[in-house]
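Geometric and topological summary
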Amino acid sequence: MKQAASLLYRIAIALAIAAGVAFLQHWIWQQFNRGAEFISTNQSIKGFAYNGFQRDQSPLKGTYPTTEELTADLDLLARTSDGLRTYGVTDMPVLLTLAGQRDMNVTAGAWLDPDLEKNEREITALIDASRKMRHVERLMVGNESILRGDLKPEDVIGYLDRVRKAVRKPVSTAEPWHVWLRYPELVEHVDYITVHLLPYHEGVPVEAAVDYAFERYDELARTFPRKKIVVGEIGWPSKGPTLGAAIPSLDNQARFIREFLAHPRTARIDYFLMEAIDQPWKVDVEGWAGPYWGMYNADREQKFALEGIVERDPHWSKKAMNAAALAFLPMLLVAFFLSDWNVFGRVFLAGLIQACVSTLIVGLNVPVDYYLTQRDLVGLGLLIGATILTAAVLLSHGFEFGEMLFKKQWQRRFMPLPPHAPDQQPFVSVHLACYNEPPEMVIATLDSLAKLNYQNFEVLVLDNNTRDEALWKPLEKRCAELGPRFRFFHLANWPGFKAGALNYGLKVTDPRAEVVGVVDADYVVDPDWLASLIPHFDKPDVAVVQAPQAHRDWEGQPFKRMCNWEFDGFFRIGMHHRNERNALIQHGTMTLVRRLALEEVGGWSEWCICEDTELGLRLIEKGYDTRYVDHVLGRGLTPSGFAAIKSQRFRWAFGAMQILKAHLPHMIGRSNLNLAQRYHFLTGWFAWLGDALQLVFAFGSLAWTLGILLFPKSFGLPVTALALPILGFMAFKAALGPILYRRTMDCPWKDILGASILSVGLAHAIARGVFAGLVKKKGVFVVTPKGWRGGGALAFFNPIREEIGMLVALLLGAATLVAQRGADNLETQLWVGILCLQCIPYVAAILCQIAAYMPERPVAGAKPDALPAGA
């Protein structure tokens, strides 16, 4: 009964959290899409500027509407207006006849461009239609042909005179107001002036746009007082780039149209609203705003009413409901199964899930909200894929963040154990593999091993492929001095890198050994290392006991401080997170392995350059337990410089991809791995895959920026609704690390900043390692240099030359975009912001290199050999 009540309570809490977060996101959608109320009007519309192309049709591709489609359009428009302005005759020859059948008054246009033969056909057809059709009350010879530069004013005048001579109906040509003022001679050859008044193109804010349009109308009237003026186009787009103070949006379009129709002067002028129906094909000739001038969208749905409240996004409620429905089950499961988190933590993770799903819904609805070309759809597909990967990275980070901050108590927290009595100690074989290492550094490690408070052990020094006798002979000598438990092996031309040397060590290990220990050549170990950890092997299913990596002699040099705290973050945070579900990342130093288990799985893998992590995974797949004891029992040296740690992380990322490719069938197929272990070993690489994704995104951003600069009509700036979540995700992810450091470690803010800079600065090297590991089968094990740094005139720039190149390219792209588009455009600001965010890893890399070259300062009271306990 008690268990049932507890279960019902957990279900109720989980339902409340999931429902609460879903309702909250619905409220947020509502707030962002609150309806705007503008002046209403019941005035009839005098006329529409009309193009009949359907969503997937284009005159540029030679695809035209059918008679049935034109009939449906005219029936739709006839409900609100009896006036129509057309742009051509020969492209839709039945249009004028269909308009006449509906008693619509038509201002018929002939389209003029540089194609003189086509112009002849248009002029002939226009004259013929004018003579045959009474409902064609006015003629329009050309549309913005002078503005576009297709024809010279004298060419247009020739066509005008010819048509005026052939017909008895009023004839004009259509141009913006400034073209009429610039070429006043045009007025002498028309019966009326057709002017386009489009304040959006002039950067006028919508609240001043109607008055501005009438000011331009009045300016023409004063200049040409004897000519009748017809407004051939007047309107506002519902989407497009921001031009100056002119912001395209659905509510701004509704506001402009309503204010224009309600204006007291509107009823006394002739006008055509620009335009009747959205024309997606215009993106190729007019840019991003071109398709969105219609009162109706391309699916022939009215965008807004002329009375009542205007919703910014008519589909927001459906999107919010879909986002809530898609996220509800994951939120419910998270809230139910993470009952050992406090409520705030479960709300946090559920909210993160909902935010990611809502962003995905926004992306999936872009084809509904925008008219996309095939190129756009490909780009959108890639962007949605990137968004999914980004969300996966963010959620894995969020889960780790939540577990560290909101989990009530660790279920698997292991500590050093009381030592065995000397006569009960299992025999341990400690293996130390080295290659081209400074002998004094290795000797310090050997001396520390000689001081172990443990009786039954041996040390095997496995020097593989070091050719310089000056490096390995002193080690051989020191082993002889330390006694028979220290055995030295020089392996010349030995295959398999470190794993090959360790496998040789297994062959020559003392038969009494029950546990194999591995320590790096630069580690000074605590005397209690074996004594405090070996008792964990009293449990027969324990195969690995891992102590954290730590460093010494780092306090006085800025780059070494950065390395120390950046490493420390993983062992204080990530290892606890994984240890909780027996999904440990085994490391190649300060690690102890049960010998029988090691031999059972075939020893160390020589095909993988991260043989330690790969071994740990194989042991877990066999069903063994692995333990992490967060107690510092040895300290090594930090990498010698930024180039050294870049090489190390490249190797780790390469090896991680080798492991992922080799073990993927076990992670997703049948194996002994439980669900939690599968999760950790699949998502454990997400941070590095995120770095790889960042590199792809940087190259993609550069390519798209180049497209914007060179082909502005084909490459638009990103949709704000997609750009903002990406920026938000980046900022949120960047904040998680410093918050965790501050909450879980005794780390000063300056060192948190340094560790964060190093972590970000390694992103490029990690990304290269990820891609190399995915493509290549074999890698080369490169020893991480400790304690020395290369010289030479180009030594400073050589390790960061790629990062400098990427930084220069991104900054150049941003600066050129601002110079071409201006800095007052919202879309430009967002894209420049994204480009600048892409610069952060490359700036960080340069800062790391600078820090690596800073001098070391003595630290007062420092005790390099001290080994304080970990958390």
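Residues numbered from 1 in each chain as written. Predicted model: local features only at pLDDT ≥ 70, side-chain atom pairs only at ≥ 80, totals over all residues. Heavy atoms only, no water.

Each helix and strand counted, the chain has 28 helices and 19 strands in total. Going through the 871 residues of the chain one by one, you find that 56% of them count as buried. Across the chain, contacts joining residues at least 24 apart in sequence account for 78% of those joining residues at least 6 apart. Total accessible area on the chain is roughly 37500 Å²; 59% of this is exposed by carbon and sulfur atoms. (Helix = DSSP H or I, 4+ residues; strand = E, 2+ residues; numbered from the N terminus. Buried < 20%, exposed > 50% of the residue type's maximum accessible area, 1.4 Å probe, protein only. Contact = heavy atoms within 4.5 Å. Areas by Shrake-Rupley, 256 points an atom, 1.4 Å probe, with all protein chains shown as cover.)

So, on to the packing of aromatic side chains. What the rule picks out here adds up to 29 aromatic pairs. Here Trp 341 and Phe 399 contribute two aromatic rings whose centre-to-centre distance is 5.8 Å and whose plane-to-plane angle is 15°, an arrangement assigned as stacked. A residue pair is termed long-range when its members are at least 10 positions apart, and Trp 341 in the loop between α10 (316-337) and α11 (343-364) and Phe 399 in helix α13 (residues 374-406) qualify at 58 residues. Both residues of the pair, Trp 341 and Phe 399, count as buried. Judged by centre distance (5.3 Å) and plane angle (45°), the ring pair of Phe 348 and Phe 401 falls under tilted. Of this pair, Phe 348 sits in helix α11 while Phe 401 is found in helix α13, placing the two residues 53 residues apart along the sequence. Every member of this aromatic cluster is reached through a ring pair, and the members are Tyr 200, Trp 236, Phe 256 and Trp 293. Above the face of the Tyr 192 ring, Arg 138 is positioned so that its terminal group lies 5.7 Å from the ring centre. The side chain of Arg 578 reaches across the aromatic face of Phe 681, ending 4.9 Å from its centre. (Phe/Tyr/Trp six-rings, centres within 6.5 Å; stacked < 30°, edge-to-face > 60°. Lys NZ or Arg CZ within 6 Å of the ring centre and 35° of its normal.)

The subject of this paragraph is helix α20 (residues 611-621). Every α-helix carries 3.6 residues per turn, so stepping three or four residues along brings you back to the same face. In terms of burial, α20 is a largely internal element, eleven of the eleven residues being buried. Within α20, the full set of buried residues consists of Glu 611, Asp 612, Thr 613, Glu 614, Leu 615, Gly 616, Leu 617, Arg 618, Leu 619, Ile 620 and Glu 621.

Here we take up the pairing of strand β6 (residues 171-176). Taken across its six residues, β6 has six buried, putting it largely inside the fold. Burial of the side chains of β6 extends over both faces: Val 171, Thr 173 and Glu 175 are buried on one face and Ser 172, Ala 174 and Pro 176 on the other. The pairing of strand β5 (residues 136-143) with β6 spans three bridges and is classified as parallel. When the sheet's bridge partners are listed, Met 140 is paired in β6 with Ser 172. A crossover connection joins β5 to the parallel β6 through helix α5 (residues 153-166); in handedness this β-α-β unit is right-handed. Across three bridges, the pairing between β6 and strand β7 (residues 192-197) is parallel. Following the sheet pairing, Glu 175 is matched in β7 by Val 195. (Pairing = 2+ DSSP bridges. Right-handed = clockwise from strand over helix to strand, strands pointing away.)

The strand order across the open sheet built from seven strands is β13-β12-β11-β14-β17-β16-β18, with neighbouring strands paired in mixed fashion. Where the open sheet ends on each side, the last strands, each with one partner, are β13 (486-491) and β18 (625-628). Put simply, the sheet's adjacent strands are angled 20° from each other on average, direction ignored. Taken together, the four bridges between strand β14 (residues 513-518) and strand β17 (residues 591-594) define a ladder with antiparallel strand orientation. Bridging from a neighbouring strand, Gly 517 pairs with Leu 592 of β17. (Axes fitted to C-alpha atoms, helices over the stretch in contact; angles between N-to-C directions.)

The next subject is a nonpolar patch on the surface. On the surface, a cluster of nonpolar side chains totalling about 340 Å² of accessible area is made up of Leu 7, Leu 8, Ile 11 and Leu 15. Position of Leu 7 relative to the elements: it lies in helix α1 (residues 2-32). In this structure Leu 7 comes out as partly exposed when scored by relative accessible area, which is 40%. (Patch = residues over 30% accessible without salt bridge, like charges linked within 9 Å, V, L, I, M, F, W, Y side chains within 5 Å. Salt bridge = Lys/Arg side-chain N within 4 Å of Asp/Glu carboxyl O.)

This part is about the side chain of Thr 589. Within the secondary structure layout, Thr 589 lies in the loop between α18 (558-579) and β17. Judged by relative accessible area, which is 1%, Thr 589 ranks as buried. Polar contacts involving the side chain of Thr 589 include one to the main-chain amide nitrogen of Asp 520, which spans 2.9 Å. Setting aside its immediate chain neighbours within four residues, Thr 589 contacts Val 518, Val 519, Asp 520, Tyr 523, Gln 546, Ala 547 and Gln 549. (Polar contact = N/O pair within 3.5 Å; in protein donor to acceptor, adjacent residues only side chain to side chain.)

Cis geometry is adopted by the peptide bond preceding Glu 275, which originates at Met 274 and carries an omega value of -10°. Tracing the sequence through the fold places Glu 275 in the loop between β9 (270-273) and α9 (283-286). Not every positive phi belongs to a glycine, and Asp 553 is a case in point at roughly 55°. If you trace the backbone, Asp 553 turns up in the loop between β16 (542-546) and α18.

Its 14 residues place the ends of α5 20 Å apart at the C-alpha level, agreeing with the 20 Å of an ideal helix rising 1.5 Å per residue. On the buried face of α5, the contacting elements are α4 (116-132), β5 and β6. (Expected span 1.5 Å × (residues − 1).)

For the rest of this paragraph, the subject is the pattern of salt bridges. What the rule picks out here adds up to 43 salt bridges. Residues Glu 481 and Arg 478 are paired through a salt bridge, measuring 2.9 Å at the closest nitrogen-oxygen approach. Taken as a pair, Glu 481 and Arg 478 lie in helix α15 (residues 469-482) at a separation of three residues, close to a single helical turn. When its relative accessible area of 48% is taken as the criterion, Glu 481 is described as partly exposed. Arg 478 sits in the partly exposed class, given a relative accessible area of 23%. With a shortest N-O distance of 3.9 Å, Asp 553 and Arg 552 are connected by a salt bridge. The exposure class assigned to Arg 552 is buried, which follows from its relative accessible area of 9%. Connected through shared salt-bridge partners, Asp 340, Glu 403, Lys 407, Glu 580 and Arg 581 make up one network.

The contact between α18 and helix α28 (residues 826-852) brings their axes to 6 Å, and the two run at 120°. When the axes of α18 and α28 are compared, the pair comes out oblique. Contact residues: Pro 558, Phe 559 and Met 562 in α18; Cys 848, Ala 851 and Ala 852 in α28. Residue composition of the contact of α18 with α28, grouped by class: six nonpolar, no polar and no charged. (Parallel < 35°, antiparallel > 145°, perpendicular 65-115°, else oblique. Nonpolar A, V, L, I, M, F, W, Y, C, P; charged D, E, K, R; others polar.)

Here the focus is the pairing of β16. Here β16 lies mainly inside the structure; five of its five residues are buried. In the sheet, β16 pairs with β18 via four bridges, with the strands oriented parallel. For Val 544, the partnering residue across the bridge sits in β18 and is Thr 626.

When pLDDT is averaged across the chain, the result is 91; 95% of the residues are at 70 or more. Of the regions scoring below 50 in pLDDT, residues 863-871 engages in 19 contacts with residues more than four places distant in sequence or in other chains. (pLDDT = per-residue confidence, 0-100.)

Moving on, we get to the nonpolar core. Counting 92 residues, the largest nonpolar core has Tyr 50, Val 141, Trp 180, Phe 260, Leu 273 and Met 295 as the members making the most contacts within it. Among the elements that line this core, the one with the most residues is helix α7 (residues 206-223), at eight residues. In contact with Met 295, other than residues within four places in its own chain, are Ile 45, Phe 48, Ile 257, Leu 273, Glu 275, Ala 276, Glu 301, Gln 302, Lys 303, Phe 304 and Leu 306. (Core = buried A, V, L, I, M, F, W, Y, C linked by side-chain atoms within 4.5 Å.)

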